[in-house]
Structure formats: C-alpha cells, structure tokens
Amino acid sequence: MGTIIKHYERVIYFMSVVVKCLVSLQVTEEKMNRSLLKVAIVVLNIYQTIQPFSLGPKITYIPPTLPEDEDAVFAHYETGINFDKYDDIMVDVSGTNPPEALMTFDEAMLCESLRKNVSKSGYVKPTPVQKHGIPIISAGRDLMACAQTGSGKTAAFLLPILQQLMADGVAASRFSELQEPEAIIVAPTRELINQIYLEARKFAFGTCVRPVVVYGGVSTGYQIREISRGCNVLCGTPGRLLDMIGRGKVGLQKLRYLVLDEADRMLDMGFEPDMRRLVGSPGMPSKEDRQTLMFSATYPEDIQRMAADFLKTDYLFLAVGVVGGACSDVEQTFIEVTKFSKREQLLDLLKTTGTERTMVFVETKRQADFIATFLCQEKVPTTSIHGDREQREREQALADFRSGKCPVLVATSVAARGLDIPDVQHVVNFDLPNNIDEYVHRIGRTGRCGNVGRAVSFYDPDADVQLARSLVTVLSKAQQVVPSWLEEHAFSGLSTGFNPPRKNFASTDSRKGGSFQDNMMKSQPAALAAADEEEWE
Ligand SMILES: Nc1ncnc2c1ncn2[C@@H]1O[C@H](COP(=O)(O)OP(=O)(O)OP(=O)(O)O)[C@@H](O)[C@H]1O
C-alpha cells in the first residue's frame, strides 16, 4: 500500500512540477488551451492537498552567489517626496531616563567605514525610528519599538549594533566549526530575514564584521559552510536558527544582542514556543547579560507578555506614529465587488497600471496560482509567491518582479510580509484579509520611504463586512476619503458581531497603565486565515 501511495505521490509531484513550469514560463492560451489549463490546476490542487503528508525531497537548493561589486551592494531606493514629512510623525518614548534623540547621522558618531556605507546607501537624514532608536540602543538599553511600515526600522537596529561591533574590533574566527556570533536577528519569513541580511551586509561592507543568513528551503550543508567561514551577525528564521544551534554549529557564549523583528507576526505564526526555546537555549546569556530589542507593528497583550519576559525591566518603549495605523502616503481606494466579478475587475485595473509594479494579494496559495495563471493567459506578465513554491521559485519570482520582467506579483500575505521592493506603485487586495493589521501591512508594501503609492481593495459585502469598521477607522486616521457605502456597511450592525476588537491593544507603553486604548483599530488576533499551512521559514 505504502509503495502505491509513493508512486501515486511521485506521479502527482511530477505533474505538479510540469504545471508549475508552465505557469512560470507564462504559457499562454495559444500554447495551452483552457481545458488543459483546468486539468492542470486540478492536478496542482491535488498535489497541494497531499503534499503536507509527504516527507518531500531533500533540500539541495543553494542560492545564487551575491554580487560583490559596490554598485550591486549599495543599489537602493530613492527617497520620495514625502520623506521629510516623517519629521512630523508623533513619537512617544517611555521608560526611565531615555537618551536624547539624534537629529543627524553625524551625531550617531559612526566609525568611518560605517559612516561611508550609510552615505553610499543614500541615507542623508535619519527617520524618526532611527533618530530615537539609535541612541537608545547605543546607550545599551533594551527596547520595544513600534513604528509604521517602511519607516526604516532595519537600520534603526543594525547601525548601532554594527557600530559597537566595529568599535570593539570584533572579527569572526574564519573556518572554525563552531561560530559564536555577537548578534542574532530573528524574523518570521525567509524573504524578510534575507532582506535584513542584505542590509547588514551592505552596512558591514569592507569591514571585519561578517553577517550570515540562515532560513528554510535552502541546503543546510551550504548554510553550515557559510557559518563556518565566520559569523558575527547571524540572521535567521526561528526553526533554522534553532537547528543550527542544536547541531552545535552556533554557540551563544559571546552573544550580546538579540533582535526580534516583527515580533507580533512571529506570535501570529505560532513561533512563540521557538522564541522561548531560543532564549532558553544552553549558553544563551540571561536577559540581564544581553541586550534585547523587539520590533513590532502592534502591541497586543501577548507581545507585552513576551516583552516582560525577554527584556530587562527598565526597557524603553518607542512608538512612532499611530501604532497599527496605515501610512498616509498610500492612497487607499475601495471597489465594491461580487465574488464573481473580481477577476474581470482585476484585469481592467491592471490594464490601467501598465508596466508599473503591482502586488496583488489573494487569500490562498491555490488562488495565487490560479490568478497568476489567469493573468499570464491574458498576457499580463505575472509571477507569484507563496509558501508552496520552492525556495528557488520564490527567489526567482522576486527577482523577476524586482527587475520588471514580471511587473505583477500575485502573493499570499505571509509570503509578502515585510518585503521592501523599490517602485511598487500599486497594491491590490483581490481578497481582503480577515484582520486589519494584515491590511495595514499589505498596503505598506507601497508608499515606502517617503514615496507615494496606491492601494485598491476589492470589497465583497458577503465576505468582508466584518472588516468594515476597522477599515473606516484606518482610512480616517490616514486622512483618506471614506466611501459612504463603506461607512454604511460599517455601521449596519453586521460589521460589529464578527469583528471583536483585540483587547488591551495600546499604542503607548502598557507600563504607564495603557493610557490609550485603540480598540477600533483591531480585529481578531491575527491567527492568519491566509496562513493556510504556508511554509514561512
Ligand atoms: N534614513 C534613511 N534614508 C533613506 N532611506 C532609508 C532610510 N532608512 C531606511 N531607508 C530605506 O527605506 C526602506 C524601508 O526601510 P525598512 O525596510 O527598514 O522599513 P521597515 O520600517 O522595516 O518596514 P516594514 O515594517 O514594512 O518591514 C529601505 O529600502 C531602506 O533602505
């Protein structure tokens, strides 16, 4: 019986690979007729259903070698016309004796090579989270920070850490079996941690500090070799990090900094046990003996609990902007649709956006494949990213989207969280998410770093009414026009029952007594519906 299942599985696996190839080659209607396409999609669906039960092939993927030339390392975003508006964002720092904020990068007293790297990255002026975060971290304080999407959180923690490591002249012992990094950075998704690594690599360029990244979907042997070549800053997704520690490749004796980025997402994705295992790993310095930094877009009760457990009692709390609020540089529009009209509406919309980079969010992996195939058929160069695609395909999809070869990227939420891709002008919520935090994160893929962007959401009254109130609140707080029909839905009574506000959400430090309760902003704790068995890390 087992053998029959294995054969069956192999056939289905083989067919699914063929379908995926056809999809990625953008096979169009002329080459493959519609009925064949339908059969192909059914096969793919069957494969996706049975795949979780199979052990799957051994992972052998090795990512392409990164270019070493300066132009590639320092390729960056141009800051947008609204970059200076960041200065008007409300900032709240609480806790005892916070250090003074800095106003310029010069005041950060960065060492020469780091200063040069910051300038080559095109950074002229720090963003608010950097102005406040850098001195707090440099002063050795633990930090819990909440700041809006695209506002420069990564550099806020990387710069002071790298500065300290460079000032202390750390250098990784090359070609040693066991590496003992001074800093560990954890983030929930492969793409996000890779992005953080690229930023670290950029700022550490030409210095002795060596960052390394580890995440799922890539050959473990390859990553072990990368670590053994020297590792000062280890960036990783939770599972792979624990794996490397468990295999004795990474020791924690020298650890000075522990950074948990997108902490709320890590909890939503069920990584709390992994986080607790990490801080309880043998050799992990106690919280008194390490500096712990947590970044989160929201500050619900479970994050406060984690902050209390992981951070020193005198940690500082930094809130930049409306926590959980949308970036006002994104123009948000809503179109009332029915489930059956969405596809045609999407096509109409994409015809107006032309070659501008557009991310289309859908709820499920199946839907992502289906919509991407549909768009390719309609001659819109499209690629897709979700947890069922192999790592090689995920990285290729991002590369094709970045380069503009495929200006449309269809994605599930989890795969696209935290992505920082230049020139994403549009975000389309083909399916609205079922919680408001997710909505804010998705639309934050555009309008980054002072640039303007546009988000269009398809609102299906049959499916999305529970989100209406939170949407109205987000729109009003971001000074956007609220359509009257959306307001009607929001206050129709239907909206309330299904969308209980998340308790204890505070945009200020809960140790002050949670003075500001922003109930309207929240929906269910984000046990992500779209998460449907995605493989994140
Ligand atoms: N001071 C600065 N000047 C110019 N560009 C900056 C500055 N700080 C950050 N950036 C750039 O802005 C972009 C967004 O930064 P980053 O990804 O750190 O944002 P984020 O706050 O982590 O966003 P998200 O919450 O969506 O993950 C990056 O491309 C980064 O290099």
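Predicted model, so just to flag it, every value in this text is computed and none were measured.

Examining the overall build of the protein
Part 1 of the argument: Check the secondary structure of the protein and you find 21 helices and 14 strands.
Part 2 of the argument: Counting all 537 residues of the protein, 58% fall into the buried class.
Part 3 of the argument: For the protein, contacts bridging at least 24 residues in sequence account for 78% of all contacts bridging at least 6.
Part 4 of the argument: Within the structure as shown, the protein displays about 22,100 Å² of accessible surface, and the carbon and sulfur contribution to it stands at 56%.

Some points on the site of the ligand
Part 1 of the argument: In the neighbourhood of the ligand, 23 residues make up the surrounding shell, with Y123, G150, K153, T154 and D420 lying closest.
Part 2 of the argument: Here an oxygen atom of the ligand and a side-chain polar atom of E199 are 3.4 Å apart.
Part 3 of the argument: Here the ligand loses 96% of its free accessible area of 640 Å² to cover by the protein chains.
Part 4 of the argument: Per-class residue counts for the shell around the ligand are 6 nonpolar, 10 polar and 7 charged.
Part 5 of the argument: Formed jointly, the shell around the ligand draws a minimum of three residues from each of two domains, domain 2 (90–320) and domain 3 (330–490).

What to know about the packing of helix α8 (residues 220–228) against helix α9 (residues 238–246)
Part 1 of the argument: Axis separation between α8 and α9 bottoms out at 12 Å; the angle between their running directions is 65°. In terms of orientation, α8 lies roughly perpendicular with respect to α9. The two elements α8 and α9 meet at a crossing, and its hand is right-handed. Residue-level inspection shows T220, Q223, I224 and I227 of α8 in contact with α9, the latter providing R240, D243 and M244.

Details of helix α11 (residues 272–279)
Structurally, the α-helix is built with 3.6 residues per turn, so residues lying three or four positions apart point the same way.
Part 1 of the argument: Turning to α11, its buried residues number three or more, namely E272, D274, M275, L278 and V279. Buried residues of α11 fall within an arc of 160° about the axis and therefore sit on the same side. Of the residues in α11, the exposed ones pointing more than 90 degrees away from the buried face are P273 and R277.
Part 2 of the argument: Contacts from the buried residues of α11 go to β3 (183–186), α9, β6 (257–260), α10 (263–268) and α12 (301–310).

Here's the deal with the UniProt feature "short sequence motif: Q motif" (unreviewed entry) in the protein
Part 1 of the argument: Here the UniProt feature "short sequence motif: Q motif" (unreviewed entry) sits at residues 103–131.
Part 2 of the argument: Helix makes up 45% of residues 103–131 and strand makes up 0%, while its end C-alpha atoms are separated by 6 Å.

What about the nonpolar core?
Part 1 of the argument: Formed by 51 residues in total, the largest nonpolar core has its most connected members in L143, F157, L162 and I185.
Part 2 of the argument: By residue number, the principal contributor to this core is helix α6 (residues 153–167), which donates 9 residues.
Part 3 of the argument: Apart from residues no more than four positions distant in its own chain, F157 is found in contact with I137, I185, I196, V259, D261, L293 and F295.
Part 4 of the argument: I245, M266, M275 and I303 belong to the second-largest nonpolar core, a separate cluster that totals 39 residues.

Quick look at the sheet that holds strand β9 (residues 330–336)
Part 1 of the argument: Strand order in the open sheet made by the 6 strands is β9-β14-β13-β10-β12-β11, with parallel pairing throughout. Only two strands of the sheet have a single partner each, and these edge strands are β9 and β11 (382–385). Averaged over all neighbouring strand pairs, the angle between strand axes comes to 20°, with direction disregarded.
Part 2 of the argument: Alignment of β11 against strand β12 (residues 408–412), held across 4 bridges, turns out to be parallel. For I385, the partnering residue across the bridge sits in β12 and is A411.

Points about the pairing of β12
Part 1 of the argument: Among the 5 residues in β12, 5 count as buried, and that is most of the element.
Part 2 of the argument: With burial as the criterion, each face of β12 is covered, one bearing V408, V410 and T412 and the other bearing L409 and A411.
Part 3 of the argument: Looking at chain direction, strand β10 (residues 357–362) and β12 are connected through 5 bridges and run parallel. The partner of M359 across the bridge, within β12, is L409.
Part 4 of the argument: In this fold, β11 hands off to helix α15 (residues 391–403), which returns the chain to β12; that crossover is right-handed.

Concerning the pattern of salt bridges
Part 1 of the argument: The full count for this structure, using the stated rule, is 22 salt bridges.
Part 2 of the argument: R265 is the salt-bridge partner of D268, the closest N and O atoms lying 3.4 Å from each other. On the criterion of helical spacing, the pair formed by D268 and R265 is a turn pair, its members being 3 residues apart in helix α10. Comparing D268 with R265, the two get one shared label, buried.
Part 3 of the argument: By relative accessible area, R265 is classed as buried at 0%.
Part 4 of the argument: If you follow the salt bridges from partner to partner, you end up with E272, R276, R305 and D309 in one network.

Some details on the side chain of R442
Part 1 of the argument: You can see R442 is positioned in helix α17 (residues 436–443).
Part 2 of the argument: Salt bridges are absent for the buried R442, whose nearest opposite-charge side chain, E438, sits at 4.8 Å.
Part 3 of the argument: When neighbours within four sequence positions are excluded, R442 is seen to be in contact with F361, V362, S413, V427, N429, D431, L432 and P433.

Observations regarding the sheet that holds strand β8 (residues 316–320)
Part 1 of the argument: Sheet architecture is open: 8 strands sit in the order β1-β8-β2-β7-β6-β3-β5-β4, paired in mixed fashion. At either margin of the open sheet sits one strand with a lone partner, and together these are β1 (91–94) and β4 (211–214). Taking each pair of neighbouring strands and ignoring which way they run, the sheet shows an average axis angle of 15°.
Part 2 of the argument: The pairing of strand β2 (residues 143–147) with β8 spans 5 bridges and is parallel. Each bridged residue has a counterpart across the sheet, and for L143 the counterpart in β8 is L316.
Part 3 of the argument: The strands that α6 touches are β2, β3, β5 (233–236), β6 and β7 (291–295); relative to β6, the one it contacts most, it runs at about 170°.
Part 4 of the argument: The sheet contacts of α8 involve β4 and β5, and relative to β4 the element is tilted by about 165°.

Brief notes about helix α7 (residues 190–203)
Part 1 of the argument: With 14 residues, α7 should reach 20 Å at 1.5 Å per residue; the first-to-last C-alpha distance of 20 Å fits that figure.
Part 2 of the argument: Where burial is concerned, most of α7 is hidden: 12 out of the 14 residues are buried.
Part 3 of the argument: Listed as buried for α7 are R190, E191, L192, I193, Q195, I196, Y197, E199, A200, R201, K202 and F203.

Basis of the calculations
- Residues numbered from 1 in each chain as written.
- Predicted model: local features only at pLDDT ≥ 70, side-chain atom pairs only at ≥ 80, totals over all residues.
- Heavy atoms only, no water.
- Helix = DSSP H or I, 4+ residues; strand = E, 2+ residues; numbered from the N terminus.
- Buried < 20%, exposed > 50% of the residue type's maximum accessible area, 1.4 Å probe, protein only.
- Contact = heavy atoms within 4.5 Å.
- Areas by Shrake-Rupley, 256 points an atom, 1.4 Å probe, with all protein chains shown as cover.
- Near = heavy atom within 4 Å.
- Polar contact = N/O pair within 3.5 Å; in protein donor to acceptor, adjacent residues only side chain to side chain.
- Nonpolar A, V, L, I, M, F, W, Y, C, P; charged D, E, K, R; others polar.
- Domains from an automatic or database assignment.
- Axes fitted to C-alpha atoms, helices over the stretch in contact; angles between N-to-C directions.
- Parallel < 35°, antiparallel > 145°, perpendicular 65-115°, else oblique.
- Left-handed = near helix turned anticlockwise from the far one by under 90°.
- Arc of directions from axis to C-beta.
- UniProt positions renumbered as here; feature names shortened; annotations may be inferred.
- Core = buried A, V, L, I, M, F, W, Y, C linked by side-chain atoms within 4.5 Å.
- Pairing = 2+ DSSP bridges.
- Right-handed = clockwise from strand over helix to strand, strands pointing away.
- Salt bridge = Lys/Arg side-chain N within 4 Å of Asp/Glu carboxyl O.
- Lys, Arg positive; Asp, Glu negative; His and termini not counted.
- Expected span 1.5 Å × (residues − 1).

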